[in-house]
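Here is what each chain is made of, one letter per residue.
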Amino acid sequence: MATCYRHPSRETGVSCSNCGRPICPDCMTTTPVGMRCPECAQQRTKVVRMRQMAKIPRVTYALIVINVVAFLTEQGQFSVTGTGIHGKVIEEGVLWRPAIAESHQYWRLLTSGFLHENFIHIGFNMYLLYLLGMMLEPAIGSARFAAIYFTALLAGSFGALFATASPSLGASGAVFGLMGAAVVELRARKVSVMESGIGGLIVINLIFSFTFANISVGAHIGGLVGGLLAGLAVRTADQRRIPVLGFIACLALCAVAVFAGIAAAGATGSGIA
């Protein structure tokens, strides 16, 4: 594989659209005609460096704050008896088949993605959300990032309902979706998924999903697929220079996930997302 002409130790599959020299992510500058090296970027075409795009990942920070506030709110009423999770916030927001299928409490498809069982649960999910958000949101923009996140969250809720009849909660379905979207973005930029670390992260988390009994495999797989589809829709729309189609596609995927989740509310299984 070629190496960056300014950083010989860094392999890359991306070349400057003007001069053809290989460039790494630190040297890439986005222009209306593709990626350019620093020298070519100084020409007349107006450019915006990748690191200057959505430099502050506001949506990522906001999501972390919402999750943490929800978790702290749980603590005032939180108790664990045996294997059951109790408390007003949990009971009203957790993803649970009877509440959706019989009581029509459809908000649980969304609220369950902001609730967590314990400090380890939220700590691990928020750490991954931070890492993926810092990488993905500046690259694709806050609005696209939010669209992908909520699409993956709802897809994860569908996956959990399809695979389990037990209460399920957690942001990991949405986090898996961000991993899927990151794969799409890396491949579009011709960056190795495995060398970037995202491939290994997905593999390790999938192994954990199938190893531990109290993890909802359905939520993780559903979120991963949802994120992949949303990321592909956004990327394809951008390539065709019709970005609004990416948001419309994400909205359609969200609608499908909601209706599919309601339909799948009778499936059986167990887990915590």
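Residues numbered from 1 in each chain as written. Predicted model: local features only at pLDDT ≥ 70, side-chain atom pairs only at ≥ 80, totals over all residues. Heavy atoms only, no water.

Along the backbone of the chain there are 12 helices and 5 strands. For the chain, the exposed area adds up to about 13300 Å²; of that, 65% sits on carbon and sulfur atoms. (Helix = DSSP H or I, 4+ residues; strand = E, 2+ residues; numbered from the N terminus. Areas by Shrake-Rupley, 256 points an atom, 1.4 Å probe, with all protein chains shown as cover.)

With that settled, consider the confidence of the model for the chain. Summary statistics for the chain give a mean pLDDT of 84 and a share of 86% for residues scoring 70 or more. Here residues 78-85 is modelled with pLDDT under 50, and outside its nearest four sequence neighbours on either side it reaches 13 contacts, counting other chains as well. Predicted confidence is poor over residues 268-272, with pLDDT under 50, and the contacts of this stretch with residues over four places away or in other chains come to 28 contacts. (pLDDT = per-residue confidence, 0-100. Contact = heavy atoms within 4.5 Å.)

To continue, consider the pattern of salt bridges. Tallied over the entire structure, the rule returns 4 salt bridges. Measuring nitrogen to oxygen at the nearest pair gives 2.9 Å for the salt bridge that ties D238 to R144. A residue pair is termed long-range when its members are at least 10 positions apart, and D238 in helix 11 (residues 217-239) and R144 in helix 7 (residues 142-163) qualify at 94 residues. Looking at D238, the relative accessible area reads 27%, which means it is partly exposed. Taking the shortest distance from any N to any O, the salt bridge between E185 and R235 comes out at 2.4 Å. (Salt bridge = Lys/Arg side-chain N within 4 Å of Asp/Glu carboxyl O. Buried < 20%, exposed > 50% of the residue type's maximum accessible area, 1.4 Å probe, protein only.)

Core analysis: the biggest nonpolar cluster contains 46 residues, and L129, F145, Y149 and L178 have the highest contact counts within it. Put simply, the parts of the chain that give this core at least two residues each are helix 2 (58-75), helix 6 (119-140), helix 7, helix 8 (172-188), helix 10 (198-211), helix 11 and helix 12 (243-263). Beyond its immediate chain neighbours, meaning those up to four positions away, L129 contacts T60, L63, I64, F145, Y149, V175 and L178. Of all hydrophobic cores here, the second largest spans 10 residues; its members include C4, V14, I23 and C40. (Core = buried A, V, L, I, M, F, W, Y, C linked by side-chain atoms within 4.5 Å.)

What follows deals with the environment of V184. For V184, the position within the fold is in helix 8. Residue V184 is classed as buried on the basis of its relative accessible area of 12%. On a C-alpha basis, the gap between V184 and V234 in space is 9.7 Å, while along the polypeptide they are 50 residues apart. The residues contacting V184, other than those within four sequence positions of it, are L228, G231, L232 and R235.

All told, the structure shown has 4 aromatic pairs when counted by the stated rule. On the basis of an interplanar angle of 75° and a centroid distance of 5.0 Å, the ring pair of F71 and F119 is categorised as edge-to-face. With F71 in helix 2 and F119 in helix 6, this residue pair connects regions lying 48 residues apart in the sequence. Their ring planes at 80° and their centres at 5.6 Å tell us that Y149 and F150 sit as a pair that is edge-to-face. (Phe/Tyr/Trp six-rings, centres within 6.5 Å; stacked < 30°, edge-to-face > 60°.)

For L178, the location among the structural elements is in helix 8. Judged by its relative accessible area of 0%, L178 is buried. On a C-alpha basis, the gap between L178 and A152 in space is 7.5 Å, while along the polypeptide they are 26 residues apart. Discounting residues that sit within four places of it in the chain, L178 has contacts with L129, L132, L136, F145, I148 and Y149.

Let us now look at a nonpolar patch on the surface. Together, I56, Y61, Y127, Y130, L131 and M134 line one region of the surface with nonpolar side chains, adding up to about 550 Å² of accessible area. It is helix 6 that provides the largest number of residues to the nonpolar patch, a total of 4 residues. Structurally, the position occupied by M134 is in helix 6. (Patch = residues over 30% accessible without salt bridge, like charges linked within 9 Å, V, L, I, M, F, W, Y side chains within 5 Å.)

On to helix 12, then. Look at helix 12: 31 Å from first C-alpha to last across 21 residues, which is about the 30 Å you get at 1.5 Å a residue. Those residues of helix 12 that fall on the buried side of the exposure criterion are G246, C250, C254, A257 and G261. Looking down the long axis of helix 12, one finds its buried residues gathered within 85° of arc, a one-sided arrangement. Structural note: helix 12 exposes L251, V256, F259 and A263 on the side pointing more than 90 degrees away from its buried face. (Expected span 1.5 Å × (residues − 1). Arc of directions from axis to C-beta.)

To continue, consider unusual backbone geometry. For H104, which is not glycine, the phi dihedral falls at a positive 60°. Its place among the elements puts H104 in the loop between helix 4 (97-101) and helix 5 (108-111). Although it is not a glycine, K190 sits at a positive phi angle of roughly 60°. Residue position: K190 is located in the loop between helix 8 and helix 9 (193-196).

Below, the discussion takes up helix 6. An ideal rise of 1.5 Å per residue puts 32 Å on 22 residues; helix 6 measures up with 30 Å between its terminal C-alpha atoms. Along helix 6, the largest kink reaches about 35° and is centred on G133. Regarding helix 6, its N-cap is N118, as a side-chain oxygen of that residue lies 3.2 Å from the backbone nitrogen of I120 further along. With its phi angle positive at about 100°, G141 sits one or two positions after the end of helix 6. (Bend = angle between axes of the 7 residues up to and from the residue. Polar contact = N/O pair within 3.5 Å; in protein donor to acceptor, adjacent residues only side chain to side chain.)

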